[in-house]
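Close look at the chain arrangement
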Amino acid sequence: EESSGTIGAVRRSKEEKKVLRKQIKASHTLLKHEGISTTSQPTKSLVVANGGLGNGVTREDLSAALKEMGELETLIMHPHKPYAFVTYRSDESAREAHIHLNGHKLQCGENGVTLYLSFVDSVTCEEEASVPLPEGLVLVEDFVSPEEEALLLAAVDWSSTNDDVPAQKALKHRRVKHYGFEFRYDNNNVDKDKPLPVGIPQECLPVLERCVKNKHVNAMPDQLTVNQYESGQGIPPHVDTHSAFEDTILSLSLGAQTVMEFRHPDGRLVPVVLPGRSLLVMTGESRYLWTHGITPRKFDVVPACDPQSPADVTPDPGIYSNLTLNKRGTRTSFTFRKIRHEPCRCAPSAPSASSTSPPSLPCCHADAAHLEEEYVHRVYDAIASHFSSTRHSPWPRVCHFLNSLPPGSVLADVGCGNGKYLGVNPEVVAVGCDRSSALIQICAERGFQAFVSDALSVPLRTASCDACISIAVIHHFSTQERRLAAVRELMRLLRPGGRALIYVWAFEQEYNKQKSKYLKHQNREHPGNHSPTKNTLEDSQVPQGKSSIHTSRPLEDNCSPVDEVRDVGKVTDGKLSVHTNRTAFNTQDLLVPWHLKEGKRRGEEESGDANSKPSESGPAPVFHRYYHVFQQGELERLCCQVAGVKVRSTYHDQGNWCVILEKDKSINAM
Ligand SMILES: O=C(O)CCC(=O)C(=O)O
Ligand SMILES: [Fe+2]
């Protein structure tokens, strides 16, 4: 259908009008959500709505369609965005594209998208400094030849996996096979005394010898885990258990390329492309501090050409100008590790259920993360199964905050524990997260929306929340930087004008001449008591093991009476002191013991650490959790260091310091 027109009035077909309407709508959306202004004046550059990597459009498909209209100068595809920018060599080509490609249906694999193009005066091309690899991480491309690759793949006999092993059931995705020693996913550890009958296959030896010869590793590995991922499968972010394996971890990628994500506790994310036949060497911070994981997905956003290869130099400006989508195929990785027989150097490896010497205050990020892993996360994991059998009620002043939120508010409870705050105000949309998957499971069973996440890196969009709470979480971070990073992360989640409520345990357990419940309850009332006063105890009754890592949790009946506590002395030679329950604090960084009640031991969650095994009849195991108790004013000062924070109020509530923060309204969403 031809559109006939006279000057000033253009007659358009119905179809053309529809396309025009949609194109205008798309340009409004780009302006509103992306801040991209379009112009009606023809230029050489166009924004292509729906033509982005975020829509599943590949660079190859889009550029083929665009090139039919003329020669391209640049094509810029930002990662995850639903649009692309194209600049033609001439205005004329751009006009052609505008006419002929508007409303054009582009087929991309199984997806079809309709493109809407508008002229722009300039294209945005964020020149981001290229991110360095995490410290200690080395990627060696083409480490094995295609022949060796085939040989290695053939060496794995998938017909005899250890699928019958119960621990294996925990792995719903990807196929896994172990050699030398079995890595158990139920306790994230290896049975060091129980080598598997089958050691590392012979076929691997030349590869391993090359690793040693090239100094990628000092000693021959004795454990191999083969992971096989189909497209769409992945592995959750994790740090390979410190106490199970030596420093260096070698991971050989075979078959299809994938992207492994490394995350620093401060929130930094470094995606690393792992081509087939490459070797990844993880040591130092990249092995101990950063988590690594593979997001389950079918496509990865990757550089369109190999940046390492000089033959592939692209004239396109900007790093985003040469991104594309890579369809994943089957990838098989060989992860070689050496079983650790001595305790890890950076901190004691036992999760404190035994009388090992206490750790020292951390002096670097790696130590801090390790301390928290051993003295916070592992302890909670060890006692987590008890939480489901305990009950507790929310604290009144936290409820007051929650109930003051307008209906429809979006609330994030970072460190939600068993979800006790998630249902307080049914008028708000509440989502929780916690480090402990066992606690998240409990939330799920209670019908709450919750997911596993570290408080330093919460996978929620910036400015997506009207309110956040962090109850008895931040005191488990062992350095000032990490506590600050935790506050910063909460503020990132808030929309401008949004509010956050933070509770941390107070150094001052006696305030305004009033002893906190924690001090007062020298003789604990019977467990399971849910009187209102008991609530306020929960987090301050840290000794009972309740309070939480990223949350307040009940611990009513799993602790032995306080008078059984026999703690070691206070401050000693730079080591963290072990606190005596229900006494005043005399130091800010300490270990708080929790006595596991008889009959309530870790059960299936037994970690396999020889020194943390509960004996059949000995005294109740004692777990130690790390805390940094806050002095008056300290929480406020911490929060004030975060840009755009207003402290609305601050108070002392039953042995806790509390603040309500507001994100500055003038802060732009990032
Ligand atoms: O597939 C990989 O390269 C990593 C596997 C891994 O991280 C592990 O098994 O711990
Ligand atoms: Fe790993």
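If you look the chain up in an unreviewed UniProt entry, it shows as tRNA (carboxymethyluridine(34)-5-O)-methyltransferase from Dicentrarchus labrax. Note on the chain: under the UniProt heading Cofactor (unreviewed entry), the record states "Fe(2+)". Heading Catalytic activity (unreviewed entry) of the UniProt record for the chain holds this comment: "5-(carboxymethyl)uridine(34) in tRNA + S-adenosyl-L-methionine = 5-(2-methoxy-2-oxoethyl)uridine(34) in tRNA + S-adenosyl-L-homocysteine".

This brings us to the overall build of the chain. Secondary structure assignment for the chain yields 13 helices and 34 strands. Expressed as a percentage of its 670 residues, the buried residues of the chain come to 46%. Considering only residue pairs separated by 6 or more positions, the chain has 71% of its internal contacts joining residues 24 or more positions apart.

All right, on to the sheet that holds strand S32 (residues 622-628) then. Spatially, 3 strands are ordered S30-S31-S32 in an open sheet, and the strand pairing comes out mixed. At either margin of the open sheet sits one strand with a lone partner, and together these are strand S30 (577-578) and S32. Note: S30 against strand S31 (residues 589-595), 2 bridges, orientation parallel. Paired with Val578 across the two strands is Leu591, which belongs to S31.

Along strand S8 (residues 116-120), 5 of the 5 residues are buried, which leaves the element largely enclosed by surrounding structure. Burial along S8 is two-sided: the face carrying Tyr116, Ser118 and Val120 and the face carrying Leu117 and Phe119 are both buried.

Once that is clear, we can look at the site of ligand 1. Within the structure, ligand 1 sits among Thr225, Asn227, Ile235, Asp240, Ser251, His292, Ser333 and Thr335. Elements with a contribution of two residues or more to the shell around ligand 1: strand S13 (223-229) and strand S22 (331-337). In terms of residue class, the shell around ligand 1 is made up of 1 nonpolar, 6 polar and 1 charged.

Here we come to the nonpolar core. In this structure, Cys468, Leu490, Ala500, Ile502 and Val504 are the most contacted members of the largest nonpolar core, which totals 113 residues. With 9 residues, helix H7 (residues 365-387) is the single largest residue contributor to this core. The two domains that each donate at least three residues to this core are domain 2 (137-300 + 320-337) and domain 3 (365-663). Beyond its immediate stretch of four places on either side in the chain, Ile502 contacts Ser470, Ile474, Leu635, Cys658, Val659 and Leu661. Residues Leu46, Leu53, Met69 and Phe119 belong to the second largest nonpolar core, which totals 37 residues.

Turning our eyes to something else, we now look at the pairing of strand S18 (residues 278-282). A regular strand carries its side chains on alternate faces of the sheet. Judged by how many residues are buried, S18 sits mostly within the fold: 4 of 5 residues are covered. Of the strand pairs in this sheet, strand S9 (residues 137-140) and S18 are connected by 4 bridges, and their pairing is antiparallel. Bridged to Val138 within S18 is Val281. In the sheet, strand S15 (residues 249-255) pairs with S18 via 5 bridges, with the strands oriented antiparallel. Residue pairing for S18: Ser251 is matched across the bridge by Leu280.

Attention now goes to the environment of Gly109. Relative to the helices and strands, Gly109 resides in the loop between strand S6 (105-108) and strand S7 (111-114). With 13 C-beta atoms packed within 10 Å, Gly109 lands in the partly exposed category. Once the C-alpha coordinates of Gly109 and Asp61 are considered, the two residues, 48 residues apart in sequence, prove to be 9.4 Å apart.

Cut-offs applied
Residues numbered from 1 in each chain as written. Chains lettered and ligands numbered in written order. Predicted model: local features only at pLDDT ≥ 70, side-chain atom pairs only at ≥ 80, totals over all residues. UniProt positions renumbered as here; feature names shortened; annotations may be inferred. Helix = DSSP H or I, 4+ residues; strand = E, 2+ residues; numbered from the N terminus. Buried ≥ 20, exposed ≤ 12 C-beta atoms within 10 Å, placed from the backbone. Contact = placed C-beta atoms within 7 Å. Pairing = 2+ DSSP bridges. Near = placed C-beta within 6 Å. Nonpolar A, V, L, I, M, F, W, Y, C, P; charged D, E, K, R; others polar. Core = buried A, V, L, I, M, F, W, Y, C linked by C-beta atoms within 7 Å. Domains from an automatic or database assignment.

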